[in-house]
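Analysis of the macromolecular model
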Amino acid sequence: MSRAVGLIAGLLTLGACDTVYYYGERPSGGDDGDTTPPLAVSCRALHLRSPELGDGVYAIAPEGVEPRDVHCDMTQDGGGWTLMRPSDVVHQVDYLVTATSSVDANGGLLVTVDPQVEGCGDGQENPQHLVDFEPGFPWTHVRARYAFSGSVSCWSLFGDLPYCDQLAINLVPFDAGVDSIRNQVRMGGSAGDAYTGGGSGPTDNTRCDNTLANFWYRDNGLAERSAVVTLRRADLGKPAGVVLGAGCIELNPATLWRYSEIYVR
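Read on for a plain summary of the structure.

The residue F158 is located in the loop between strand 11 (151–156) and strand 12 (171–172) in this model. With a relative accessible area of 1%, F158 lands in the buried category. Along the sequence, F158 and L244 sit 86 residues apart, while their C-alpha atoms lie 7.0 Å from each other. Apart from residues lying up to four places away in sequence, F158 is in contact with Y146, F148, V172, P173, F174, I181, M187, Y195, N205, V229, L231 and V243.

Attention shifts here to the sheet that holds strand 14 (residues 206–208). Read across the open sheet, the five strands follow the order 6-9-16-11-14; overall the sheet is antiparallel. Unpaired on one side and paired on the other, strand 6 (89–95) and strand 14 mark the two borders of the sheet. The mean inter-strand angle of the sheet, taken between neighbouring strand axes irrespective of direction, is 25°.

Glancing now at the state of the cysteines. Following the criterion strictly, the structure yields three disulfides and no others. Disulfide pairing is shown between C154 and C208; the S-S distance is 1.9 Å. Of this pair, C154 sits in strand 11 while C208 sits in strand 14, and the two are 54 residues apart along the sequence. Looking at C154, the relative accessible area reads 1%, which means it is buried. When the bonded cysteines of the protein are counted from the start of the sequence, the pairing works out to 1-2, 3-6, 4-5.

We now examine the pairing of strand 3 (residues 56–60). Here is the key point about a regular strand: its side chains alternate between the two faces of the sheet. For strand 3, the buried fraction is high: five of the five residues fall into the buried class. Strand direction decides the pairing type here: strand 3 and strand 4 (residues 68–73), joined by five bridges, are antiparallel. Paired with A59 across the bridge in strand 4 is D69.

The subject of this paragraph is the packing of aromatic side chains. For the structure on display, the rule yields eleven aromatic pairs. Each ring, one from Y146 and one from Y259, has its centre 5.9 Å from the other, and the planes form 85°; the classification is edge-to-face. Of this pair, Y146 sits in strand 10 (residues 141–149) while Y259 is found in strand 17 (residues 256–264), placing the two residues 113 residues apart along the sequence. For the pair formed by Y146 and Y259, the shared burial category is buried. Its guanidinium or amino end placed over the ring of W81, R143 lies 4.9 Å from that ring's centre, counting from NZ or CZ. When the ring centre of W139 is taken as reference, the NZ or CZ atom of R233 above it lies at 4.3 Å.

Turning to the environment of R265, a few remarks are in order. On the secondary structure map, R265 appears in the segment after strand 17. Sequence separation between R265 and V142 is 123 residues; the distance between their C-alpha atoms is 6.6 Å. Of the polar contacts made by the side chain of R265, one reaches the backbone oxygen of G79; its length is 3.0 Å.

Take the side chain of T230 next. Structurally, T230 is set in strand 15 (residues 225–233). Not counting chain neighbours up to four residues away, the residues in contact with T230 comprise W81, H141, V142, R143, F174, D179 and S180.

Before going further, it helps to spend a moment on unusual backbone geometry. Even without being glycine, L96 reaches a positive phi, approximately 60°. Topologically, L96 is positioned in the loop between strand 6 and strand 7 (97–103). Using a relative accessible area of 27% as the deciding quantity, one classes L96 as partly exposed. At C248, a residue that is not glycine, the phi angle is positive and equals roughly 50°.

Calculation rules
- Residues numbered from 1 in each chain as written.
- Predicted model: local features only at pLDDT ≥ 70, side-chain atom pairs only at ≥ 80, totals over all residues.
- Heavy atoms only, no water.
- Helix = DSSP H or I, 4+ residues; strand = E, 2+ residues; numbered from the N terminus.
- Buried < 20%, exposed > 50% of the residue type's maximum accessible area, 1.4 Å probe, protein only.
- Contact = heavy atoms within 4.5 Å.
- Pairing = 2+ DSSP bridges.
- Axes fitted to C-alpha atoms, helices over the stretch in contact; angles between N-to-C directions.
- Disulfide = S-S within 2.5 Å.
- Phe/Tyr/Trp six-rings, centres within 6.5 Å; stacked < 30°, edge-to-face > 60°.
- Lys NZ or Arg CZ within 6 Å of the ring centre and 35° of its normal.
- Polar contact = N/O pair within 3.5 Å; in protein donor to acceptor, adjacent residues only side chain to side chain.

Spelled out as structure tokens, the structure:
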């Protein structure tokens, strides 16, 4: 007997997500003549196979691991993005910070980082944090929403190095001429929402000054600033993820940074 071929939706309770979409077949009886297509290894592979699919939870089967259900962003930034969960973390560095992890409504990892030292100069070390992911399938880009609040005068963002000297970063630093940044809020300091980086060209993502051009400087207010940024993985043979280093920090309840909506493709 044959099996029905097509896209089948099944119900599964998974956090706040009620529907899991299975790419493939549900048996209609018998086990001969099976033409079931294999599960895709990632949201990207599934998107390439079926570009009409919308955002949602899909079953995937990375090589060498058990199939699992993941949230896929199939519509933004070219589609085919797989949401990273706590189980996808393979390496984390909390250097002079306290990092608190939780999950969002789709089961995605959300990390809030509180620096534990303030001030700068006279040999003061810099709070730094890194999370690397290895979800079991090949990927070349990581996208996340970064949020910043409080008062920090010196920083290295989006894969840049100077204030991340304790970290092994496997990212190509953000290049405004190549990489994507969107949904920017208050990221340009006195210049407005658009991210201005370190001020020395499209690949400069480090800054240390007390001017209104510095978006994280206290005179620009302590309220949250944020942006969604896509970065490239430098060495495809090593894990990569999200990272940030900061210095000249003013400790107060508002000073922290956060990563959320972390996807790879």
